[in-house]
Amino acid sequence: MSYLIAISTHNGIDVDVPFGHAEKFALIEVSNNLSWRHIGERTLNVTDLESHGDNSKCSSCGSGSCGGDEPGRVDLHAARVELIKDCRCVVCSCAGPRVFRLLAQYNIACFDIVCRIQEAIDSIVKYYDKVDRGVSLRDS
Amino acid sequence: MAKLLDKQRYKCAMGAMQSVQAINRAIPILHSGPGCAQKLGDVVGGSGYFSPNIFPCTSINEKDVVFGGVKKLHTTIENALRVIDADLYVVMTGCIPEIVGDDVQSVVDEFADADKPVVFASTAGFKGNNYKGYEAVISAITGQYLKKTNVEKEKGLVNIWADVPYQDLFWLGNIQELSRLLEEIGLKANFIFGYNRGISAINRIPAAALNLLVSPWVGERNMKELEKKFGTPYLHYPVLPIGAFETSKFLRKVAEVAGADKELAEEVIKKHEDYYYYLIERYADMFLEARVMAKQFTVVADAQYTLGITKFLVNDLGLTPARQFIADDTPKEFQEAITKEFQNLNYGIKAEVEFQTDSYKIHQYIDTHDYHGYPLVLGGYYEKEVTTANSGHFLNISWPVDDKVVMDDFYVGYTGGIRLIEDIYSVVLQRWN
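Residues numbered from 1 in each chain as written. Chains lettered and ligands numbered in written order. Predicted model: local features only at pLDDT ≥ 70, side-chain atom pairs only at ≥ 80, totals over all residues. Heavy atoms only, no water.

(A) Here's a closer look at the overall build of chain A. Check the secondary structure of chain A and you find 4 helices and 5 strands. Ordering the α and β elements of chain A from the N terminus gives β-β-β-α-α-β-α-β-α. By the burial criterion, 42% of the 140 residues in chain A qualify as buried. Taking the contacts inside chain A whose residues are at least 6 apart along the sequence as the reference set, 47% of them involve residues at least 24 apart. Counting only carbon and sulfur atoms, one obtains 50% of the accessible surface of chain A, whose full area is about 7400 Å². (Helix = DSSP H or I, 4+ residues; strand = E, 2+ residues; numbered from the N terminus. Buried < 20%, exposed > 50% of the residue type's maximum accessible area, 1.4 Å probe, protein only. Contact = heavy atoms within 4.5 Å. Areas by Shrake-Rupley, 256 points an atom, 1.4 Å probe, with all protein chains shown as cover.)

(B) Quick peek at the packing of aromatic side chains. Residues and elements named next belong to chain B. One pass over the structure, following the stated rule, counts 18 aromatic pairs over all chains. Between Y276 and Y414 the ring centres are 6.4 Å apart and the planes differ by 70°, which places this aromatic pair in the edge-to-face class. Taken together, the residues Y276 in helix α12 (residues 262-282) and Y414 in helix α18 (residues 413-432) connect sequence positions 138 residues apart. What makes Y276 buried here is its relative accessible area of 2%. Relative to Y425, the ring of F287 has its centre 5.1 Å away and its plane inclined at 70°; by these criteria the two rings are edge-to-face. Of this pair, F287 sits in helix α13 (residues 284-289) while Y425 is found in helix α18, placing the two residues 138 residues apart along the sequence. (Phe/Tyr/Trp six-rings, centres within 6.5 Å; stacked < 30°, edge-to-face > 60°.)

(C) Structural view of the side chain of T387 of chain B. Residues and elements named next belong to chain B. Structurally, the position occupied by T387 is in helix α17 (residues 383-389). For T387, a relative accessible area of 1% corresponds to the buried category. In contact with T387, other than residues within four places in its own chain, are P375, V377, G392, H393 and F394.

(D) Summary view of the packing of helix α8 (residues 171-184) of chain B against helix α11 (residues 243-258) of chain B. Residues and elements named next belong to chain B. At their nearest, the axes of α8 and α11 sit 11 Å apart, and the two run at 55° to each other. By the angle between their axes, α8 is oblique relative to α11. The way α8 lies across α11 gives a crossing that is right-handed. Residues L178, L181 and L182 of α8 form the contact with α11, whose participating residues are T247, F250, L251 and V254. The residue inventory of the contact of α8 with α11, partitioned by class, reads 6 nonpolar, 1 polar and no charged. (Axes fitted to C-alpha atoms, helices over the stretch in contact; angles between N-to-C directions. Parallel < 35°, antiparallel > 145°, perpendicular 65-115°, else oblique. Left-handed = near helix turned anticlockwise from the far one by under 90°. Nonpolar A, V, L, I, M, F, W, Y, C, P; charged D, E, K, R; others polar.)

(E) Focus on the sheet that holds strand β2 (residues 88-93) of chain B. Residue and element names in this part refer to chain B. With parallel pairing, 3 strands are arranged side by side in an open sheet as β1-β2-β3. Each of the sheet's edge strands pairs with one partner strand only, and the pair in question is β1 (26-31) and β3 (118-121). When strand polarity is set aside, the average angle formed by the axes of neighbouring strands in this sheet is 25°. Across 4 bridges, the pairing between β2 and β3 is parallel. (Pairing = 2+ DSSP bridges.)

(F) Looking closely at the sheet that holds strand β4 (residues 154-161) of chain B. Residue and element names in this part refer to chain B. In space, the 4 strands of this open sheet follow the order β5-β4-β6-β7, with parallel pairing throughout. Two strands bound the open sheet, and with one partner strand each, they are β5 (188-190) and β7 (234-237). Strand-to-strand twist of the sheet, defined as the mean angle between neighbouring strand axes without regard to direction, takes the value 25°. Both β4 and strand β6 (residues 208-214) contribute to a ladder of 5 bridges, which runs parallel. By the bridge assignment for β6, N159 is matched with N211. Each of β4, β6 and β7 is contacted by α11, which is oriented at about 165° to β7, the strand it contacts most.

(G) Seen up close, the environment of L376 of chain B. Residues and elements named next belong to chain B. Here L376 is to be found in strand β12 (residues 376-379). On the basis of relative accessibility, which here comes to 2%, the residue L376 falls in the buried class. The spacing of L376 and V406 is 30 residues in sequence and 21 Å in space, taken between C-alpha atoms. Residues in contact with L376, not counting those within four places in the same chain, are M293, A294, Q296, F297, T298, L319, H393 and I424.

(H) Region of interest: the interface of chain B and chain A. Taken together, the contacts link 8 residues of chain B with 14 residues of chain A. Approximately 1000 Å² of surface area, both sides summed, lies buried where chain B meets chain A, with 68% of it carried by carbon and sulfur atoms. Taken as a group, K63, V66 and F67 of chain B account for 51% of the area that chain B buries against chain A, more than any other trio of residues on that side. Here chain B and chain A share 1 salt bridge between them. (Buried area = accessible area lost by both parts, 1.4 Å probe. Salt bridge = Lys/Arg side-chain N within 4 Å of Asp/Glu carboxyl O.)

(I) Representation of a nonpolar patch on the surface. Together, V292, L429 and W432 of chain B make up an exposed nonpolar region whose accessible area comes to about 250 Å². Relative to the helices and strands, W432 of chain B resides in helix α18. (Patch = residues over 30% accessible without salt bridge, like charges linked within 9 Å, V, L, I, M, F, W, Y side chains within 5 Å.)

(J) Inspection of unusual backbone geometry at higher detail. Residues and elements named next belong to chain B. With an omega of 5°, the peptide bond running from W399 to P400 counts as cis. As for its placement among the helices and strands, P400 is situated in the loop between β13 (393-396) and α18. Phi is positive for S59, close to 45°, though the residue is something other than glycine. Positionally, S59 belongs in the loop between α2 (34-40) and α3 (62-67).

(K) Structural detail: the pairing of strand β4 (residues 89-92) of chain A. Residues and elements named next belong to chain A. Here β4 shows a buried face lined by C89 and V91 and a second buried face lined by V90 and C92. For strand β1 (residues 3-7) and β4, the ladder comprises 3 bridges, and the chain directions are parallel. The residue bridging A6 from the neighbouring strand is V90, located in β4. As a crossover connection, the stretch from β4 through helix α3 (residues 97-104) into strand β5 (residues 109-112) is right-handed. (Right-handed = clockwise from strand over helix to strand, strands pointing away.)

This is how it looks when you write it as structure tokens:
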């Protein structure tokens, strides 16, 4: 089964951007034979979204970067989740509990870890392969 | 074909976090999912200096399965040492980290120079139940914390190892009573669980002249390890001594092996037996009038209690055993020796014993067996319904315990035998009142 992985990265080498700061996600496609490739990026159009709301009303951060859901304000977290809703998982340097809940609505797993993208993808591909084949996760 | 197990009577190996909890000022650090810790911490009488809700736990999740949880474990141990004032930290693993291959021992080794001792017990659920977990915890403490030194043996000092704390609701009272009995015959008792014990008692383990294991099988592995490491011989007494007959036999054996004053031991035995039989005589009328309470009895418990109580009910009370059930998943290598003990009862009586972990089969037996009158069933709370449905007498003596509170009561020894009689006949007399 092929699937997509969204990566929150600034330099394209490391997982180094928190979910709440991500303006774009690198998309990785994992094919049936477990090989993977970078197929492009998905970018959050913040300007368009902000023109429909007033982020300064967020009492938590004042700017809206936390993704708080106060009335009249753009829900950036929801917008990011909407952007990657066809992915199986997202990898970012950190994420809060609200992000996990939003992602769970689309059955998207979230791995919040700081590491090389290569390392993250290798581990995830190996893990999902075992899960999909219904074999033990025992590291052998 | 998949096998269903109905109402098992033990927890997974990490349930032995309760054994750690029973050691004063010792705390488990759990490397497991949060659900494991929450479920295993469910116990009456589990609060105190530390309670399960504050046990440090890595609360591992899917990310730790994929990327490993050793960093999180390191941080958790580091912070536990910083904010929790304990004397001993025991890192315990659940199934997940052991399946995915977290190298927990290496992480724990990084704390070898910490101000307080940190040890590691491998307690993944697939390694066995909490009886095995208890052995793993004892093994971790004696193997990793205690250093191999040529400590001079203290004459008359005996380490007592008996029940699995919290799994056995009488663990505290029992071990304290065993300690009192040993001290009465001139020995010095040392045990690590319960009030006013802890790290100082652990430190005394190597100095003991004898390790005394009162259990059919749980802990034998630890006795062998202690013998190998500290050269301490051990006495394995497989029967929990309940009532006069077994307790006198027990004290004579301990006095002989530990080199206690035999005359003093006989004096102590006589004093206790005189009082014990004084009480039995006073209540002889009750035993006679309530003789129809049960022609036969069944005990459903771990090997410790099923054997100990069966011996007591036959040897001291003269009751007849129906089939007895041992439900602790006793390892096969111990089953033959335990079965032989059930053949060694007074008056030439032999008891049928079945090693059975499936409560459905146990209840099927209780439900269909002809007890020739009211069944007397001593077991876990699971047996209450089936016993009541058969108009029997039920006493909750083993896990799970849902209808009684035991703070420091005990069934061991002469006094413990009297307590058990009181409890049984308190149930029986309700029928006629």
